[in-house]
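A look at the structure
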Amino acid sequence: MKRPAAAEEERAPYAEPGDRSLDRYVGHTIRELRQRDRLTIADLAAQVGISRGMLSKIETGQATASLDSLGRIARALGVSMGQLFRTFDMPTGSAQLVKAGEGMEVVRRGTRRGHTYHLLAYGKGPRKVFEPFLVTMDDAAEVFPSFEHPGTEFIHVLEGRIEYRHGRSTWELGPGDSLTFRGDVPHGPERLIELPIRLLSVIIYGEEA
């Protein structure tokens, strides 16, 4: 029967999650998994076949476990050996959330009523990398201009049907259809076939942006 970890173990020094020393990181991960399973150091050491003292030193980053020992520890804890290293040196990254309906409304040249752009991400830094828009069109009387801009544009229709032009060509697009094209060639809606129309437009800029 598995027993709760001994109270004295809580006083032992161990690596914090942000510690970037590999030995201390692996030791902290082993300790977390062991306590998750409510095993004492003695329980796990017996299953792995190493001394309590050695396991304690591994958990506190004072000793480096061999690959063989790590493999046996992982098996005893019911995880793969890779999981012992799962987030070591993982970039913290950054993410930007725009909740439904909270995208900033943008006015583009030549657009008036019945044609709105909501920006879904806000670029940070000296140069725009991309711009994602949610575009809504609900006025069949609107006359649309031609757009030209640097980079590549990708559009994906979510709702409605539209005839879209790019240069001398036109395409009829419906829900689920996508179109990718050069932004420096004149393009834009040619005809609104079925309203309302909602589409995603993502512009990816080149070095000139």
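Look a little higher up for the structure.
Residues numbered from 1 in each chain as written. Predicted model: local features only at pLDDT ≥ 70, side-chain atom pairs only at ≥ 80, totals over all residues. Heavy atoms only, no water.

Further remarks concern the overall build of the protein chain. Of the regular secondary structure elements, the protein chain holds four helices and seven strands. Across the protein chain, helices and strands are ordered from the amino to the carboxyl terminus as α-α-α-α-β-β-β-β-β-β-β. The burial tally for the protein chain puts 37% of its 209 residues in the buried class. Within the protein chain, contacts between residues separated by at least 24 positions form 63% of all contacts whose residues are at least 6 apart in sequence. (Helix = DSSP H or I, 4+ residues; strand = E, 2+ residues; numbered from the N terminus. Buried < 20%, exposed > 50% of the residue type's maximum accessible area, 1.4 Å probe, protein only. Contact = heavy atoms within 4.5 Å.)

This part is about a nonpolar patch on the surface. Residues Leu22, Leu67, Met81 and Phe85 make up a contiguous nonpolar surface patch of roughly 340 Å² in combined accessible area. Within the element layout of this structure, Leu67 appears in helix α4 (residues 67–77). Overall, Leu67 belongs to the exposed group, its relative accessible area being 63%. (Patch = residues over 30% accessible without salt bridge, like charges linked within 9 Å, V, L, I, M, F, W, Y side chains within 5 Å. Areas by Shrake-Rupley, 256 points an atom, 1.4 Å probe, with all protein chains shown as cover. Salt bridge = Lys/Arg side-chain N within 4 Å of Asp/Glu carboxyl O.)

Attention now moves to the packing of aromatic side chains. Taken as a whole and assessed by the stated rule, the structure comprises two aromatic pairs. Both rings, one in Tyr117 and one in Phe133, keep their centres 5.5 Å apart while their planes meet at 90°; by these two values the pair is edge-to-face. With a gap of 16 residues between them, Tyr117 in strand β2 (residues 115–119) and Phe133 in strand β3 (residues 130–137) connect regions that are remote in the sequence. Residue Phe133 is classed as buried on the basis of its relative accessible area of 4%. (Phe/Tyr/Trp six-rings, centres within 6.5 Å; stacked < 30°, edge-to-face > 60°.)

In terms of burial, β3 is a largely internal element, six of the eight residues being buried. Bridge analysis of β2 against β3 gives five bridges, and the strand direction is antiparallel. By the bridge assignment for β3, Thr116 is matched with Thr136. By the bridge criterion, eight bridges tie β3 to strand β7 (residues 187–204) in an arrangement that is antiparallel. (Pairing = 2+ DSSP bridges.)

Below, the discussion takes up the pattern of salt bridges. What the rule picks out here adds up to eight salt bridges. Residue Arg36 pairs with Asp37 through a salt bridge whose shortest N-O separation is 3.0 Å.

Closest axis-to-axis distance for the helix α2 (residues 41–48)/α4 pair is 9 Å, and the angle between their directions is 115°. Crossing angle aside, the handedness with which α2 passes α4 is right-handed. Taking contact as the criterion, the partners of Leu44, Gln47 and Val48 in α2 are, on α4, Ser69, Arg72, Ile73, Ala76 and Leu77. Tallied by class, residues from the contact of α2 with α4 come to five nonpolar, two polar and one charged. (Axes fitted to C-alpha atoms, helices over the stretch in contact; angles between N-to-C directions. Left-handed = near helix turned anticlockwise from the far one by under 90°. Nonpolar A, V, L, I, M, F, W, Y, C, P; charged D, E, K, R; others polar.)

Residues Ile30, Leu55, Ile58, Ile73, Leu77 and Leu84 are the most contacted members of the largest nonpolar core, which totals 20 residues. With 19 residues, the next largest nonpolar core counts Phe147, Tyr164, Leu192 and Tyr205 among its residues. (Core = buried A, V, L, I, M, F, W, Y, C linked by side-chain atoms within 4.5 Å.)

Here the focus is the environment of Arg52. Positionally, Arg52 belongs in helix α3 (residues 52–59). The spacing of Arg52 and Ile41 is 11 residues in sequence and 6.1 Å in space, taken between C-alpha atoms. Setting aside chain neighbours within four positions, we find Arg52 in contact with Ile41, Ala42 and Ala45.

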